[in-house]
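# Coordinate inspection notes
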Amino acid sequence: MDSVSDLKSKEIKRATLNELVEYVSTNRGVIVESAYSDIVKMISANIFRTLPPSDNPDFDPEEDEPTLEASWPHIQLVYEFFLRFLESPDFQPSIAKRYIDQKFVQQLLELFDSEDPRERDFLKTVLHRIYGKFLGLRAFIRKQINNIFLRFIYETEHFNGVAELLEILGSIINGFALPLKAEHKQFLMKVLIPMHTAKGLALFHAQLAYCVVQFLEKDTTLTEPVIRGLLKFWPKTCSQKEVMFLGEIEEILDVIEPTQFKKIEEPLFKQISKCVSSSHFQVAERALYFWNNEYILSLIEENIDKILPIMFGSLYKISKEHWNPTIVALVYNVLKTLMEMNGKLFDDLTSSYKAERQREKKKELEREELWKKLEELKLKKALEKQNSAYNMHSILSNTNDELKKKPATSVG
Amino acid sequence: MAGAAGPAAGSGAAGGDGDDSLYPIAVLIDELRNEDVQLRLNSIKKLSTIALALGVERTRTELLPFLTDTIYDEDEVLLALAEQLGNFTGLVGGPDFAHCLLPPLESLATVEETVVRDKAVESLRQISQEHTPVALEAHFVPLVKRLASGDWFTSRTSACGLFSVCYPRASIAVKGEIKQYFRSLCSDDTPMVRRAAASKLGEFAKVLELDSVKSEIVPLFTNLASDEQDSVRLLAVEACVSIAQLLSQEDIEALVMPTLRQAAEDKSWRVRYMVADKFSELQKAVGPKITLNDLIPAFQNLLKDCEAEVRAAAAHKVKELCENLPIEGRETIIMNQILPYIKELVSDTNQHVKSALASVIMGLATILGKENTIEHLLPLFLAQLKDECPEVRLNIISNLDCVNEVIGIRQLSQSLLPAIVELAEDAKWRVRLAIIEYMPLLAGQLGVEFFDEKLNSLCMAWLVDHVYAIREAATSNLMKLVQKFGTEWAQNTIVPKVLVMANDPNYLHRMTTLFCINALSEACGQEITTKQMLPIVLKMAGDQVANVRFNVAKSLQKIGPILDTDALQVEVKPVLQKLGQDEDMDVKYFAQEAISAVAQRLRKLDFPVKDSEEPSAPGADKTHLPRPRGPGEDTGKGPAYQLHVNTRDTLPQLEIGELVLFSQSID
């Protein structure tokens, strides 16, 4: 809290910690059973704390400089020591598990919210080692990360260590045994996919997309639900996020199996068709770049009968209308590629384009007509109700009239 | 139409059934399934119209099953659906059939998105009230149980909000079950669920029998308040208020206070913050005796907490705390037990703490009375008026009225003036803006002499500030000052200075003159406006900058109603006509707008009959958009057209309006 008081004592503490780090890393056989308890106690006493409120209440991790931990000079050494301890060849998880337990891990995970990236970096390595060495804690760690993420998505929208936790998860997922447990699939669908809705997606999107792709490489049958999930959460107003989503879709398409592709081509290309006609040129450009990807091209070619009718309308329209010349040029190339894939279908679509537009307009009119009728019906029903009330009341008010003289007429 | 509606009503009902079959459910469902989210959303928002078209029976047998089955959609659509269903009881056939709405709402209460779930729970709570006690036990309670034992945390979270609505109307056996379910959610494995349970604990306690509160709720409360996660513990503090309200003094002391004491010293600042933030509620809930013994010492600790957030939250509560102390002995307690801590906070290192304190500290003056205020509080106010942080100074100045009542503002004026001057010249325009807003208040309290002597020049200087928002605020400030000090004062001190600016080389300043005239003319009245302001405005019509010229047109339109007909006819009209021929498009536009406004006024004066006719047609103001009209249009053609529009638009409304009046007159 106060970095200038008690300087002398702080110096002594620093020197002692240094000495400890040095001692465990250069000597063998020094981590004896009796030391574990004290070592864990020392670590807990130093690093476990309620993180202070942020200096900047509107802290924006994308824009602002983080507030650095004031006690870093000695906390760093504690982390350093902790790591050396965990990584020492003498370290015995079977003894340590008495002290490094669920409560310990729980507190460790809470520290991932630290605003100081240096601390989060240490925590990442530490947690990774613990996950590797303590088999009994694995399920617990996953569950707690799950809870942290859910709270982040649905409650606070704020947690500094999301990227670090995802990075660890990336390597955890990599090691999942097949077939995947229901718990892991649930984590993918109910936590990782909804995580795409977060405001600060840019801060951890790379790690998140890596995790998703890891899952799909393990189990290709997850492709359909994953893509449908992404389509459900597709950004509506944030073009920066839309570009990220497109990037992730391309990563997924890179590893997709042709049979899986068939299952999602229709909804997926409807979305891509919207993206290519986005008036934000970066979004349009990112989507059009799909046509530079050999593997995606081969998938499109295989399914051209399905994809061309979906894409044609938007491509045709923007080839005439888009404000950005780069996009128009790219669209021409794409149209050319598609034409080469199936010239006959392309010609048919070109000639039926106008009729299609008109049919759409007609449908639009019909919809308006339908709603107009429904509204009229509603009004009529409301009037009927009013009228029946009116009739009732006029009978009543007539009798009233006779009794009291002109109460109703004074209103009318 | 009004006449026809009555007799046709009978046959209309019969025909209505025929109409219904025109809308096969398939067409409507197509709309609800449309590919375009926006269209789907539109259809869902008009779900009541669809239900009305289908009639109650088909809504129950066809529409609701469809809605229940196809709940996989964008959250936005689901949110709209959850909201609609809360008001659907009438559309499915009234309370007897309210339970038909439960299946779709149950699915909605399990989705991930919090907003949707919360809305579904809100609708469920609403509908629960429409169930008969039998239906409640047959349909609603089983739903709550299913949600409470759901696999995924979302359904259990939603369940937490439903216990309190079914408990009061359930039978004893079911009551026991409900409590059992709630108890298990309070110790749920998932922190999200425990948070939901903790946040509903107070609400649930309120509907329970007192014995159950003591024997069952209090243990749950104690557990949640010592949860491993601070996000759960802090919610228990909120529940503490509701629980304490239900218990006797001894019970509070024995059952609640140990936990509350612990919360006030929690190792997490978030929990302590919560205690500080809820302090007034807690104080009222535990009563005066416990407040004196326990809460005051806790409050002292919060005021010197190591986290600034906590200190600031506590500082905010200083006034309320003091106000709510029992009047007997209040002064002594404040002087001995609170004031020493406040004195420390005046020179706190954190500006949020100081500014929180500054926003309430003046309120202590009324509580402590004149002598104490002068001796103890005044030095603090003076120190805060010199604080380095502008927000602190502003907060003091904005609350001057409290002190004014007790000791009069003169005591402060020596220190006040430098503080005001400094804020008036602050580099941040928002600070300047804030102080301007307090000027009318200050003027009222300091009196006209002091104001003229010290503050008037400041007010005039703001008129030429380089930020528009400041100039704008300065003009409206002048208007408020004139309202306070009267027209004579305006004529002597303000108006001449404003008018001089009409010759300023900077066109922005020349425009400020016009804006001031717009603001001041009404307060100053016809004479000053006609004799002093109007000539200047007219002269500015020849300005070389187009912005000035079209603002002249706007000003003339604005002050037109204050001038008499002669001035309008002889002086204003020719100038506007000249501007109407201006080479600049905007000048022309605004000149024409002004011309038509002025012409309308002149015409109204000529034909007073018409004048009284127009406003009698309701809705005239809404349908008539202020748009520029050609000079030829307002010779009589305009009103006729307008009247036509009015008849068409207002007739149906009128009928309904009458009907409503009728039915009310019966009651």
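Sequence order as written defines residue numbering, which begins from 1 separately in each chain. As they are written, the chains are lettered A onward and the ligands numbered 1 onward, keeping that order. Per-residue local features are limited, in this predicted model, to residues with pLDDT of at least 70; the limit for side-chain atom pairs, both in listing and counting, is 80 or more; totals at the level of whole chains, interfaces and linings are taken over all residues. To get the side-chain values, all heavy atoms of the structure are used, and hydrogens and water are removed first.

### Quick notes on the nonpolar core
As a reminder, the rule being used: Only buried residues count toward a nonpolar core. Its members are Ala, Val, Leu, Ile, Met, Phe, Trp, Tyr and Cys residues joined through side-chain atoms within 4.5 Å. Exposed residues in this analysis have more than 50% of their type's maximum accessible area, buried residues have under 20%, and partly exposed residues fall in between, with area computed by a 1.4 Å probe over protein chains only. Strands are runs of DSSP state E lasting at least two residues, helices are runs of H or I lasting at least four, and both sets are numbered from the N terminus onward. Domain segmentation is taken from an automatic or database assignment of domains. A contact between two residues is defined here by any heavy atoms of the two lying within 4.5 Å.
The biggest cluster of nonpolar side chains holds 356 residues, and the ones touching the most others in it are Ile130(A), Phe149(A) and Ile243(B). Per element, the largest residue contribution to this core is 13 residues, and it comes from helix H30 (residues 507-540) of chain B. When residues of this core are assigned to domains, at least three fall in each of domain 1 (305-424) and domain 2 (486-605) of chain B. The contact partners of Ile130(A), leaving out residues within four places of it in the chain, are Phe82(A), Leu86(A), Ile100(A), Phe104(A), Val105(A), Leu108(A), Leu137(A) and Ile141(A).

### Overview of the domain arrangement of chain B
Domain boundaries in chain B define domain 1 (305-424) and domain 2 (486-605). Between the C-alpha centres of domain 1 of chain B and domain 2 of chain B the distance comes to 47 Å.

### Overview of the packing of aromatic side chains
All names here are of chain B. Selection rule: Note on aromatic contacts: the rings of Phe and Tyr and the six-membered ring of Trp form a pair at centre separations within 6.5 Å, being stacked when their planes are under 30 degrees apart, edge-to-face when over 60 apart, and tilted otherwise.
Scanning all chains against the criterion turns up 31 aromatic pairs over all chains. Measuring from ring centre to ring centre gives 5.7 Å for Tyr 167 and Phe 204, while their planes differ by 80°; the resulting arrangement is edge-to-face. Taken together, the positions of Tyr 167 in the loop between helix H10 (163-166) and helix H11 (172-186) and Phe 204 in helix H12 (residues 191-207) put the pair 37 residues apart, joining distant regions of the chain. Of the two residues, Tyr 167 and Phe 204, neither departs from the other in class, the shared state being buried. When the centroid spacing of 6.4 Å and the interplanar angle of 85° are considered together, the rings of Tyr 468 and Phe 515 count as edge-to-face.

### Let's talk about the UniProt feature "domain: TOG" (unreviewed entry) in chain B
What counts here: UniProt positions are given in the numbering used here, feature names are shortened, and annotations may be inferred rather than shown by experiment.
UniProt tags residues 245-476 of chain B as "domain: TOG" (unreviewed entry). Span residues 245-476 of chain B is 82% helix and 0% strand, its end C-alpha atoms 48 Å apart.

### Section: unusual backbone geometry
Residue and element names in this part refer to chain A. Following Leu 178, the chain continues to Pro 179 via a peptide bond in cis, the omega torsion being -10°. Position of Pro 179 relative to the elements: it lies in the loop between helix H8 (162-174) and helix H9 (182-192). If you check the backbone angles, Glu 157 has positive phi at about 55° while not being a glycine. Among the structural elements, Glu 157 can be located in the loop between helix H7 (138-156) and H8. In this structure Glu 157 comes out as partly exposed when scored by relative accessible area, which is 43%.

### Remarks on the environment of Arg33(B)
All names here are of chain B. When you line up the elements, Arg 33 lands in the loop between helix H2 (25-32) and helix H3 (37-45). The spatial distance from the C-alpha of Arg 33 to the C-alpha of Thr 154 is 26 Å, given a sequence separation of 121 residues. With residues up to four places along the chain from it excluded, the contact list for Arg 33 reads Arg 40 and Phe 66.

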